[in-house]
Amino acid sequence: MNVLGRVDAEIGSETRSPATVRLGSFLARDGSDGAAVGIDADSPHAAVVFGKRGTGKSYTLGVLAEGLADATGVAPVVVDPMGVFDGLTEAGGRVLDPVVRPTVLPAAVWPDLLGLDPAGGPGSLLWRVVADAVEAAEGDGNSPSIESIRWAVSETDAPDRTRRAVRNHLRLAESWGIFDATAPPITSLVASGDPTVLDLSGVPEAAAGAVVRAVARGLYDARVDGSVDRLPWLLVDEAHAFFDGVADPALRTLLTRGRAPGVSLVCATQRPSALPGVAVSQSDLLVAHRLTAGPDVDALATAEATYLDGDLAARLPTGTGEALVVDDASETAHTVRVRERRTPHGGGDPRAGDTEAARTEGTGRTG
Ligand SMILES: Nc1ncnc2c1ncn2[C@@H]1O[C@H](COP(=O)(O)OP(=O)(O)OP(=O)(O)O)[C@@H](O)[C@H]1O
């Protein structure tokens, strides 16, 4: 198999067979399938998956997650804002309604998270109370609940109105259902090599951002301090939404510094132009399905590496599941047909013909 993302010199020095994810096959100009192609999973990578709606981004992310489930020494975690990855349970995965301890988010993030001005009265009170809670949690290892943070707010000598405002905002945070003082540590997500799907469908955007921040940062810190053995792969669908909120710094850390401690990040989006330039410039693998909007095609220009001649946009394939893969390791770009999933894919637009009603009516009609 041709393996993208792997530096040739490393292959010769291997005595074991390095972890590889099967992606599909090369696509010849005449549309026929060529040799099998895979992606290296032995070393950490930063990758982006682009494509307009319905061209196969989430599907490709699922193909990667399946392949990572089979690879040794790695642990895939899928951020699933649309609830389309539950089929990965058939690859041994589990789907979680994620919860995190309130104190995994630094105090400085809280005003922003709850839409309060950090320099204003309520914002700075919230910051101060959470800072005390984080410090106490570091001391005795017990994270407080949102309820006890609200109680601590009441105990301060801040003006009534300020305390009330903060308590109301904390009640909102509680209603998101993502904070739990007894949540398992982030490292538990990668304790086995089976895929973990974080189902964020129906979770408000700010809350989903808080989860992604906690997970991205938690995985990074765990690898830096040596508390997890496997190399985590964080696969983020609809990634543009997360670069727009509290998760941004944690995702940027993974992009720029994640590979050194061994954390991989794959960002999928239909809006490449809504990702920061660093997402493309720091990625060593780019998988581009069809794109049509001008700014999104322009975003590819950031990846126009000197070793490529001609412009990438002109080389984008048009078929569903087809993609142009730009690989920094081999300094090449290839057109690939992404293989079919072996577990069910939950994406794609609903079709009337797939409904129970259509089946019943169909049965009625045929008698
Ligand atoms: N490699 C593939 N092989 C076979 N079918 C595919 C492949 N990729 C995508 N498809 C088909 O295309 C449909 C749309 O793919 P997918 O849900 O991944 O789109 P998307 O680009 O993520 O769109 P959205 O922006 O709506 O999430 C899938 O339901 C599947 O039927």
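None of these values were measured; they are calculated from a predicted model.

A.B. asks: I'd like to hear about the overall build of the chain, residue by residue, with values.
C.D. replies: Of regular secondary structure, the chain possesses eleven helices and twelve strands. The C-alpha radius of gyration computed for the chain amounts to 22 Å, which stays within 12% of the reference 21 Å derived for 367 residues, consistent with globular compactness. Seen through its C-alpha atoms, the chain measures out along the principal axes to roughly 75 × 65 × 40 Å. Counting only residues that meet the buried cut, the chain has 46% of its 367 residues in that class. When contacts within the chain are restricted to residue pairs at least 6 apart in sequence, long-range pairs at least 24 apart make up 73% of them.

A.B. asks: Go over the UniProt feature "domain: Helicase HerA central" (unreviewed entry) in the chain with me, naming the residues and quoting the values.
C.D. replies: Under the present numbering, the feature "domain: Helicase HerA central" (unreviewed entry) in UniProt falls on residues 22-217. The distance separating the terminal C-alpha atoms of residues 22-217 is 28 Å; by composition the span is 39% helix and 17% strand.

A.B. asks: I'd like to hear about the domain arrangement of the chain, residue by residue, with values.
C.D. replies: Domain annotation for the chain reports domain 1 (44-99 + 193-354) and domain 2 (102-175). In this assembly, six residues from domain 1 lie in contact with five residues from domain 2.

A.B. asks: Pulling in residues and values, what's your account of the packing of helix 4 (residues 121-140) against helix 5 (residues 146-154)?
C.D. replies: For the pair helix 4 and helix 5, interaxial distance at closest approach is 10 Å and the crossing angle is 120°. For the element pair helix 4 / helix 5, the angle class is oblique. Remark: the crossing between helix 4 and helix 5 carries right-handed chirality. Contacts between helix 4 and helix 5 involve Leu125, Val129, Val130, Asp132 and Ala133 on the former and, on the latter, Ile149, Ala152 and Val153. Partitioned by chemical class, the residues of the contact of helix 4 with helix 5 number seven nonpolar, no polar and one charged.

A.B. asks: For helix 2 (residues 57-70), give the residues involved together with the corresponding values.
C.D. replies: Helix length check: helix 2, at 14 residues, gives a terminal C-alpha distance of 20 Å against a target of 20 Å (1.5 Å per residue), a fit within 8%. Counting buried positions along helix 2 gives 13 out of 14 residues, so the element sits mostly inside the fold.

A.B. asks: Can you break down the packing of helix 7 (residues 205-224) against helix 8 (residues 248-257) residue by residue, with the values?
C.D. replies: One way to put it is that helix 7 packs onto helix 8 with a least axis distance of 8 Å and a crossing angle of 35°. Classified by chirality, the crossing of helix 8 by helix 7 is left-handed. The residues of helix 8 that touch helix 7, namely those facing Arg213, Ala216, Arg217 and Tyr220, are Ala250, Leu251, Thr253 and Leu254. Of the residues that constitute the contact of helix 7 with helix 8, the class distribution is five nonpolar, one polar and two charged.

A.B. asks: Any details on the nonpolar core? Residues and values, ideally.
C.D. replies: Core analysis: the largest hydrophobic core is formed by 108 residues, its most contacted members being Val211, Val215, Ala216, Leu234, Leu235, Val236 and Val266. It is helix 7 that contributes the most residues to this core, eleven residues altogether. A domain-level breakdown of this core finds at least three residues from each of domain 1 (44-99 + 193-354) and domain 2 (102-175). When neighbours within four sequence positions are excluded, Val266 is seen to be in contact with Ala47, Val49, Leu61, Leu64, Trp233, Leu235 and Val236.

A.B. asks: I'd love a proper account of the sheet that holds strand 12 (residues 332-338), names of residues and values included.
C.D. replies: Read from one edge to the other, the open sheet built from twelve strands follows the order 1-3-2-12-11-10-4-9-8-5-7-6, with strand pairing classed as mixed. Looking at the sheet topology across the chains shown, the edges are occupied by strand 1 (2-4) and strand 6 (94-96). Going across the sheet, the axis of each strand differs from the next one's by a mean of 30°, ignoring polarity. Across six bridges, strand 2 (residues 20-27) lies against strand 3 (residues 33-40) in antiparallel orientation. The residue bridging Ser25 from the neighbouring strand is Ala36, located in strand 3. Strands in contact with helix 7 are strand 5 (74-80), strand 7 (196-199) and strand 8 (231-236); relative to strand 8, the strand with the most contacts, it is inclined by about 155°.

Scoring rules and cut-offs
- Residues numbered from 1 in each chain as written.
- Predicted model: local features only at pLDDT ≥ 70, side-chain atom pairs only at ≥ 80, totals over all residues.
- Helix = DSSP H or I, 4+ residues; strand = E, 2+ residues; numbered from the N terminus.
- Rg over C-alpha atoms; globule rule 2.2 N^0.38 Å.
- Buried ≥ 20, exposed ≤ 12 C-beta atoms within 10 Å, placed from the backbone.
- Contact = placed C-beta atoms within 7 Å.
- UniProt positions renumbered as here; feature names shortened; annotations may be inferred.
- Domains from an automatic or database assignment.
- Axes fitted to C-alpha atoms, helices over the stretch in contact; angles between N-to-C directions.
- Parallel < 35°, antiparallel > 145°, perpendicular 65-115°, else oblique.
- Left-handed = near helix turned anticlockwise from the far one by under 90°.
- Nonpolar A, V, L, I, M, F, W, Y, C, P; charged D, E, K, R; others polar.
- Expected span 1.5 Å × (residues − 1).
- Core = buried A, V, L, I, M, F, W, Y, C linked by C-beta atoms within 7 Å.
- Pairing = 2+ DSSP bridges.

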